[in-house]
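# Per-entry structural report
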Amino acid sequence: MLNIASAHERPDSVSETSQTVPIVTLHESAVVGIFEISKILAAPCRLELTLANVVDILHSFVQMRHGIVSLFDHDGQPDITVGVGWTEGSDERYRTRLPPKAIDQIVATDMPLVAEDIAVHSAFTTADLEVLGASDNARVSFIGVPIRIDAKAVGALTIDRVLDDSSSIRLEYDVRLLTMIANLVGQTVKLHRLFATDRERLMAEKDRLQKQLAEIQQPARERKKVNVEGIIGDSPALRALLDKIAVVAKSNSTVLLRGESGTGKELVAKAIHALSARSKRPFIKLNCAALPETVLESELFGHEKGAFTGAFSSRKGRFELADKGTLFLDEIGEISPSFQAKLLRVLQEQEFERVGSNQTMKVDVRVIAATNRNLEEAVANNGFRADLYYRVSVVPLLLPPLRERRSDIPLLAAEFLRNFNSENGRTLTFDQGATDILMNCGFPGNVRELENCVQRTATLAPGPSICRDDFACCHGQCLSAMLWKGGSEDVAPHARPTCAGAPKPSSAEAGRSAAGAVPPVPDAQAGLGPAGAALVSTGQMTDPERVIAAMERSGWVQAKAARLLGVTPRQIGYALRKYGIEIKRF
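## Describing the overall build of the protein
Each helix and strand counted, the protein has 23 helices and 16 strands in total. Buried residues in the protein amount to 42% of all 586 residues. For the protein, restricting intrachain contacts to residue pairs at least 6 apart in sequence, the fraction spanning at least 24 positions comes to 68%. Per element, the accessible surface of the protein, about 31100 Å² overall, is 54% carbon and sulfur.

Right, dumping it as structure tokens:
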């Protein structure tokens, strides 16, 4: 491990025979000493105590009077100075024993300094000789080696001893030994400093989060409630969402709205824009699922005159129109993989070219995207680019379904009925029975389905008020429930309304009325999972029924229905022709 022989190749020193035993003894003691030092450096202990123990161990196998470890901080100022017997506050006592000029030379040159006799060495002053106890009768040797972190010297390990014949022979050997120990010390110092830096960072982060938590946990009467036009309700789930909206609106970060269909993602996007610093600027929206890829590119980026057939003039795209404002991209999970790469560049660089142009345009647009798809699953199946996912999902907001904010149903229903009365010149009201029906319904279509239910019931209501018997679900005629009949056996009892006054169906009608039951309450995360999983898993539906149910649920869009059933659009088209299913046009 150590080339001891080279340290003793000095002429006329001692006989070759007399050197054999000391060499072996030095080698063995050095190995044992380094082993002990490695155990000390690996032990969990305060850095000053660790370094002091290292110096103490050095005494057992290195000829020395004093040993000192001195470290400097990032600014080059003395940080730690320890020796044998170090105690809290004793750094200055050890620092006075160090020759400043010699230490500066070691750190500056990143090279060991060996002085066989400090009295004749230029790096030591008269004051240094006095401190180290050098005199005409006692010559003193000095060895100092740099302590490195990576390639930078951050301190020195030094020893001094009274010069004699044996110590003169061992100088080169001890320099290499101390250099090895200094390298071990440097690694330990590096780890301690990294740990200290991480600890300071984590403590600062902890303090910041505790302050934020304290603000969030303030009593409701002390917090200013956030009210957003168009968003109705006072449930805890909705209040938590509104508080997040108020925080998110203050930044320019990209937002991804997640939630089931009908939960009000466009209203939330408008609210974020209205509460932001961009509120005076345009709010532009686009449904990505409603357009084919070629048209979508033109809609987003614009086109030049003559770029394609029918392009009779230049046209600005949505990104240009939304400059300095907000662009809302609904159903972003439906765009094709090839177009995702084009969109990624715009989101990342905020620059693009119009279709048919090579001039790069720069914009400042805040993007808010929305989807009811499980993007994580789409990324795993290579249906959605991972880099685009990370770009749009900077601040994800999960919108609660209506079943998680049931206390808001009476408020929403009253608002929808008020709008109906205003548009149709009527004065309808809900009685208690009608409110109970609404509170017990699952509403898998969320707020949109609730609004449709109120409008349908109000349109057909014969009297001045809407009662329990006016609702279609009490007569087994709730058509939207047919989309959910595949999972009706797994629905909790509270998912369906109970109509005490409704007639009981006969056994012959039992099967038909089951299809008209109120739709079940899906799992809370259903809007983020494969929407057709429950629809296609049941064994009680024939193939045509499954196809029709998937088409109804997807709004008669074949690509969406294919995803629900786990087949290709070509296969869904074949199934429609095979079973003679007429495609509905809207």
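## A short note on the sheet that holds strand β4 (residues 140–149)
Sheet architecture is open: five strands sit in the order β2-β1-β5-β4-β3, paired in antiparallel fashion. Two strands in the sheet have a free side with no partner beyond their single neighbour: β2 (78–83) and β3 (113–115). Adjacent strand axes in the sheet meet at a mean angle of 15° when their direction is disregarded. The pairing of β4 with strand β5 (residues 152–162) spans ten bridges and is antiparallel. Of the residues in β5, the one forming a bridge with Val140 is Val162. Packing against the sheet, helix α3 (residues 47–58) makes contact with β1 (66–72), β2 and β5, and its axis sits at approximately 40° to β2.

## Considerations on helix α5 (residues 100–109)
Taken residue by residue, α5 has Ala102, Ile103 and Ile106 as its buried positions. Projection of α5 onto a plane perpendicular to its axis shows the buried side chains occupying an angular sector of 100°, all on one side. On its buried side, α5 packs onto β1, β3, β4 and β5. Looking at the residues trailing α5, positive phi occurs at Asp110, about 55°.

## Overview of the environment of Ala370
Within the fold, Ala370 resides in strand β13 (residues 366–371). Among the residues examined, Ala370 registers a relative accessible area of 0% and is labelled buried. Taking the C-alpha atoms as reference, Ala370 lies 9.4 Å from Leu397; in sequence the two are 27 residues apart. Every residue in contact with Ala370, bar those within four places of it in the chain, is listed here: Leu256, Leu257, Lys265, Phe328, Leu329, Asp330, Glu331 and Ile332.

## Details of the pattern of salt bridges
Tallied over the full model, the rule gives 29 salt bridges. For Arg563, the salt bridge identified is with Glu334, shortest N-O distance 1.9 Å. Placement of Arg563 in helix α22 (residues 558–565) and of Glu334 in the loop between β10 (326–330) and α13 (337–349) is noted, with a sequence separation of 229 residues between them. Classification of Arg563 by relative accessible area gives partly exposed; the value is 39%. A salt bridge links Arg405 to Asp408; the shortest N-O distance between them is 2.9 Å. This pair shows no difference in class: Arg405 is buried, exactly as Asp408 is. Taken together, the shared-partner salt bridges connect Arg345, Glu351, Glu353 and Lys362 into one network.

## Considerations on the confidence of the model for the protein
The predicted model of the protein has a mean per-residue pLDDT of 79, with 81% of residues at 70 or higher. For residues 1–21, every residue scores under 50 in pLDDT, and the model assigns this stretch 28 contacts once sequence neighbours within four places are set aside. Across residues 486–540, confidence stays below pLDDT 50; counting only partners more than four residues off in sequence or on other chains, it has 95 contacts.

## Overview of the sheet that holds strand β7 (residues 283–287)
Pairing is parallel across the open sheet formed by five strands, whose spatial order is β7-β10-β13-β6-β14. In this open sheet, the two edge strands, each paired with only one partner strand, are β7 and β14 (395–398). Each strand axis lies, on average, 20° off the axis of its neighbour in the sheet, ignoring direction. The sheet contact formed by β7 and β10 spans five bridges and is parallel. By the bridge assignment for β10, Lys285 is matched with Phe328.

## Brief notes about the nonpolar core
Counting residues in hydrophobic clusters, the biggest one holds 52 residues, and the most contacted among them are Leu58, Leu71, Phe124, Phe142, Leu157 and Ile181. For this core, the leading source of residues is helix α8 (residues 171–216), giving nine residues. The contacts of Phe124, once residues within four sequence positions are left out, are Pro99, Ala102, Ala115, Ile118, Leu129, Leu132 and Phe142. Listed in part, the 29 residues of the second largest apolar core include Leu256, Leu329, Ala378 and Val392.

## So, helix α10 (residues 265–274)
Residues of α10 that are buried: Lys265, Val268, Ala269, Ala271, Ile272 and His273. Buried residues in α10 make contact with α9 (236–248), β6 (255–258), β7, β10, β13 and β14.

## Observations concerning the packing of aromatic side chains
Tallied over the full model, the rule gives seven aromatic pairs. Relative to Phe142, the ring of Phe124 lies with its centre 5.1 Å away and its plane at 70°, an arrangement referred to as edge-to-face. Separated by 18 residues along the polypeptide, Phe124 in the loop between β3 and α6 (126–132) and Phe142 in strand β4 bring together distant segments of the chain. With respect to burial, Phe124 and Phe142 carry one shared label: buried. Aromatic side chains Tyr389 and Tyr390 sit 5.4 Å apart centroid to centroid with 70° between the ring planes, which places their arrangement in the edge-to-face category. What links up through ring pairs into an aromatic cluster is the set Phe301, Phe319, Phe339 and Phe352. In this arrangement the basic side chain of Arg93 is found over the ring face of Tyr94, its NZ or CZ atom lying 4.5 Å from the centre.

Cut-offs used in this document
Residues numbered from 1 in each chain as written. Predicted model: local features only at pLDDT ≥ 70, side-chain atom pairs only at ≥ 80, totals over all residues. Heavy atoms only, no water. Helix = DSSP H or I, 4+ residues; strand = E, 2+ residues; numbered from the N terminus. Buried < 20%, exposed > 50% of the residue type's maximum accessible area, 1.4 Å probe, protein only. Contact = heavy atoms within 4.5 Å. Areas by Shrake-Rupley, 256 points an atom, 1.4 Å probe, with all protein chains shown as cover. Pairing = 2+ DSSP bridges. Axes fitted to C-alpha atoms, helices over the stretch in contact; angles between N-to-C directions. Arc of directions from axis to C-beta. Salt bridge = Lys/Arg side-chain N within 4 Å of Asp/Glu carboxyl O. pLDDT = per-residue confidence, 0-100. Core = buried A, V, L, I, M, F, W, Y, C linked by side-chain atoms within 4.5 Å. Phe/Tyr/Trp six-rings, centres within 6.5 Å; stacked < 30°, edge-to-face > 60°. Lys NZ or Arg CZ within 6 Å of the ring centre and 35° of its normal.

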